Amino acid sequence: MGDYGGDEGVRRRGCSCTKEDFLPEESFRSWGNYARALKDTPRRLKDRVLTRSLDQTELVDVKAQSQHEMKKTLNWWDLMWFGIGAVIGAGIFVLTGLEAREHAGPAVVLSYVVSGISALLSVFCYTEFAVEIPVAGGSFAYLRVELGDFMAFIAAGNILLEYVIGGAAVARSWTSYFATLLNHQPNDFRIVAHSLSSDYRYLDPIAVVVLAIICVMAVMSTKGSSRFNYIASIFHVAVIIFIIIAGLIKADTKNYSDFAPFGVRGIFQASAVLFFAYVGFDAVSTMAEETKNPGRDIPIGLVGSMVITTLAYCLLAVTLCLMQPYTEIDKDAPFSVAFEAVGWGWAKYIVAAGALKGMTTVLLVSAVGQARYLTHIARTHMMPPWLAIVNEKTGTPVNATVVMLAATAVIAFFTSLEILSNLLSISTLFIFMLVAIGLLVRRYYVSGETTTANRIKFIVFLALILGSSIATALYWAISTDGWIAYAITGPIWLLSTIGLWLFVPQAREPKLWGVPLVPWLPSLSIAINIFLLGSIDRASFERFGLWTLIILVYYFLFGLHASYDTAKEASSAKQMKNVEEGAVN
């Protein structure tokens, strides 16, 4: 049964739920086939590591696996409000208080600036890809084209982790603010399981119910979700303006007397966690397939929403720390409690309502985005093709939406916010770093056009950029007061970027919209993302390593063989050599 051809097989998968829906490939048709596939793992892995997809393959052949087209209903206005709705949620309303109190003090505003710069650089990288390759796969599709199948899968596993954890964190925060609205403590609405560890014992049924409602909204209609999102986001912006104006009326500049009590290290440590507050804009890039005019709408929508969001975050952080001493800021519902502390108890209800709205739209946009990621991953058969099906009536990926939100609900039911936010930041920073690398590869390397000498120079300069960035982050993580290493790694990064700029000609120019100041902006994005990774705690890296091991086991047992068979059948069915670069012989 062909995976890019064979309409009969595709239709059968759409209306049943059999083995063919999940493992239709040649390697899984018998135990003998599977044994031969496992024996051939080294050769297949080499092929997948060296294989790069093509723009046209992602835009046409891979997209065709979903049976039906997603409806092109979105414009720049929808995307900008999706971006605002996707980002302004639990991060600002919960983590601001946590990080100001424990790591940054009033200097938390600088933490937001650092995170915002890093996020904006990543937005530029995402935007060029989304304009050139407007498909639902987002960074997974971009990395398949530029870094190959294997790296795309590693990113895909972390993309899915990012969305599940992000949704779970926001859903739990929803419960916290709902409790505040009703004059209760957050854990009053949670079930305590004393037999579990403290990080997992507070079970959250409200979070599960909220996610179920979001699931229904997400599968009904993308345009309907968009309308709900920007109407709700307008209310949200009004609440934010109220918080800033009302909060500054009650400001006390004495609270800023000890601006950075935890020093520079505390600012960057908070920044790494607060990157969570910017997560969500990548979900907007997955809607490129449903955008009417990607070349115009995506840059305006993505960059516009990120600039507005960063400005709002900085103003909110300043307001909070002017209202209360950082030592008295509440970790669960900081803005609501701050208004109560200054004698405006009634204002906390407005804040809580605004926060609930913000978290609701974050969950909705996240649900829309994560389903589209999973859909495109399943189109390549790295995940079961049953997840790639787009419903003919709604034009939405119903199967992928339900599966992703079910996984999110399980995590939200058990896990505390602090664990979720740290782990989420690792996955997100790692993916954004890979997308920046992918953009440099896209600009400087085109198979068959880039000369061997230029390819070698590009690889050397890129390796030096990565190596110096990693060394800087490691030194930051292990040293508390040294500076000599920075005097070495900083110039290496600078000279490597200059070398790439001066000595390697760009092999490709963007067709419609491109990142300005290449290679400087993507190189800086790589450096900042890796540096922020050096500020995250060891336990989070251990959980990240465990997750990476789990997805690698899945890949070697299933994903590798399914995607290998799919590529082989695609080449045979179309009798094409250019379905992929480095494709199966």
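Residues numbered from 1 in each chain as written. Predicted model: local features only at pLDDT ≥ 70, side-chain atom pairs only at ≥ 80, totals over all residues. Heavy atoms only, no water.

(A) Spatial organisation of the overall build of the protein. Counting its secondary structure elements, the protein contains 23 helices and 4 strands. Across the 585 residues that make up the protein, the buried fraction comes to 60%. Summarising the internal contacts of the protein: among those between residues at least 6 apart in sequence, 84% fall at separations of at least 24. Only carbon and sulfur atoms are counted for the fraction: they give 67% of the accessible area of the protein, which is about 22,000 Å². (Helix = DSSP H or I, 4+ residues; strand = E, 2+ residues; numbered from the N terminus. Buried < 20%, exposed > 50% of the residue type's maximum accessible area, 1.4 Å probe, protein only. Contact = heavy atoms within 4.5 Å. Areas by Shrake-Rupley, 256 points an atom, 1.4 Å probe, with all protein chains shown as cover.)

(B) Region of the structure containing the packing of aromatic side chains. Counted under the stated rule, the structure contains 32 aromatic pairs. Through successive ring pairs, a cluster of aromatic residues spans Phe-28, Trp-31, Tyr-34, Phe-150, Phe-153, Tyr-554, Tyr-555, Phe-556 and Phe-558. Positioned over the ring face of Trp-476 is Arg-265, at 4.1 Å from the centre of the ring. (Phe/Tyr/Trp six-rings, centres within 6.5 Å; stacked < 30°, edge-to-face > 60°. Lys NZ or Arg CZ within 6 Å of the ring centre and 35° of its normal.)

(C) Quick peek at helix H4 (residues 41–50). Among all positions in H4, only Thr-41, Arg-44, Asp-47 and Arg-48 are buried. Seen from one end, H4 has its buried residues packed into an arc of 125°, which puts them on one side. Along H4, the residues that are exposed and aim more than 90 degrees away from the buried face are Pro-42, Lys-46 and Leu-50. (Arc of directions from axis to C-beta.)

(D) Representation of the nonpolar core within the structure. Formed by 165 residues in total, the largest nonpolar core has its most connected members in Phe-93, Tyr-112, Tyr-177, Phe-281 and Ile-526. No other element matches the 17 residues that helix H17 (residues 347–379) contributes to this core. (Core = buried A, V, L, I, M, F, W, Y, C linked by side-chain atoms within 4.5 Å.)

(E) Highlighting unusual backbone geometry. The step from Val-518 to Pro-519 runs through a cis peptide bond, and the omega angle for that step is 10°. For Pro-519, the position within the fold is in the loop between helix H21 (484–503) and helix H22 (520–533). The phi dihedral of His-381 falls on the positive side, at around 70°, and the residue is not glycine. A residue is classified by how much of its surface remains accessible, and His-381, at 2% relative accessible area, is buried.

(F) View of a nonpolar patch on the surface. Taken together, the side chains of Leu-38, Leu-546, Leu-549, Ile-550, Val-553, Leu-557 and Phe-558 present a nonpolar region at the surface, about 580 Å² in accessible area. Of the residues forming the nonpolar patch, the biggest block, 6 residues, is contributed by helix H23 (residues 538–574). With respect to the element layout, Leu-38 can be found in helix H3 (residues 31–39). (Patch = residues over 30% accessible without salt bridge, like charges linked within 9 Å, V, L, I, M, F, W, Y side chains within 5 Å. Salt bridge = Lys/Arg side-chain N within 4 Å of Asp/Glu carboxyl O.)

(G) The confidence of the model for the protein, seen in detail. Scored by pLDDT, the protein comes out at a mean of 82, with 90% of its residues at no less than 70. Looking at the elements of the protein, mean pLDDT is at its lowest for helix H1 (residues 7–14), recorded as 38, and at its highest for H21, recorded as 94. Of the regions scoring below 50 in pLDDT, residues 1–15 engages in 33 contacts with residues more than four places distant in sequence or in other chains. (pLDDT = per-residue confidence, 0-100.)

(H) Fine view of the packing of helix H9 (residues 139–146) against helix H10 (residues 149–181). Where H9 contacts H10, the axes come no closer than 7 Å and their chain directions differ by 165°. The angle between H9 and H10 falls in the class roughly antiparallel. The crossing of H9 and H10 is right-handed. Residues Ser-139, Phe-140, Leu-143 and Arg-144 of H9 form the contact with H10, whose own contacting residues are Asp-149, Ala-152, Phe-153, Ala-155, Ala-156 and Ile-159. (Axes fitted to C-alpha atoms, helices over the stretch in contact; angles between N-to-C directions. Parallel < 35°, antiparallel > 145°, perpendicular 65-115°, else oblique. Left-handed = near helix turned anticlockwise from the far one by under 90°.)

(I) Representation of H21 in the model. Between its first and last C-alpha, H21 extends 29 Å over 20 residues, near the 28 Å set by a 1.5 Å rise per residue. Those residues of H21 lying buried are Ala-485, Thr-489, Trp-493, Ser-496, Thr-497, Gly-499 and Leu-500. All buried residues of H21 lie within an arc of 155° about the axis, which places them on one face of the element. Residues of H21 that are exposed and angled more than 90 degrees away from the buried face: Ile-484, Leu-495 and Leu-502. (Expected span 1.5 Å × (residues − 1).)

(J) Geometry of the pattern of salt bridges. Counted according to the given criterion, the structure contains 15 salt bridges. With a closest N to O distance of 2.8 Å, Asp-40 and Arg-43 form a salt bridge. Judged by its relative accessible area of 47%, Arg-43 is partly exposed. Via salt bridges that share partners, Asp-40, Arg-43, Arg-44 and Asp-565 belong to a single interconnected network.

(K) Inspection of the packing of helix H8 (residues 108–132) against H9 at higher detail. Contact geometry for H8 and H9: axes closest at 10 Å, N-to-C directions at 80°. As summarised for this structure, H8 and H9 are arranged roughly perpendicular, according to the angle between their axes. The residues of H9 that touch H8, namely those facing Tyr-126, Phe-129 and Ala-130, are Ser-139, Tyr-142 and Glu-146. In terms of residue class, the contact of H8 with H9 is built from 4 nonpolar, 1 polar and 1 charged. (Nonpolar A, V, L, I, M, F, W, Y, C, P; charged D, E, K, R; others polar.)

(L) Quick look at the environment of Glu-146. Of note, Glu-146 is situated in helix H9. For Glu-146, a relative accessible area of 2% translates into the label buried. Here the alpha-carbon distance between Glu-146 and Leu-440, two residues 294 residues apart in the chain, equals 9.1 Å.

(M) A look at the side chain of Arg-443. Residue position: Arg-443 is located in helix H19 (residues 417–444). Here Arg-443 falls in the buried class, since its relative accessible area comes to 5%. A distance of 3.1 Å separates the side chain of Arg-443 from the backbone oxygen of Val-515, its partner in a polar contact. (Polar contact = N/O pair within 3.5 Å; in protein donor to acceptor, adjacent residues only side chain to side chain.)

(N) Focus on the environment of Ala-453. With respect to the helices and strands, Ala-453 occurs in helix H20 (residues 452–478). The class for Ala-453 is partly exposed, based on a relative accessible area of 48%. With 51 residues separating them along the chain, Ala-453 and Val-504 place their C-alpha atoms 9.2 Å apart.

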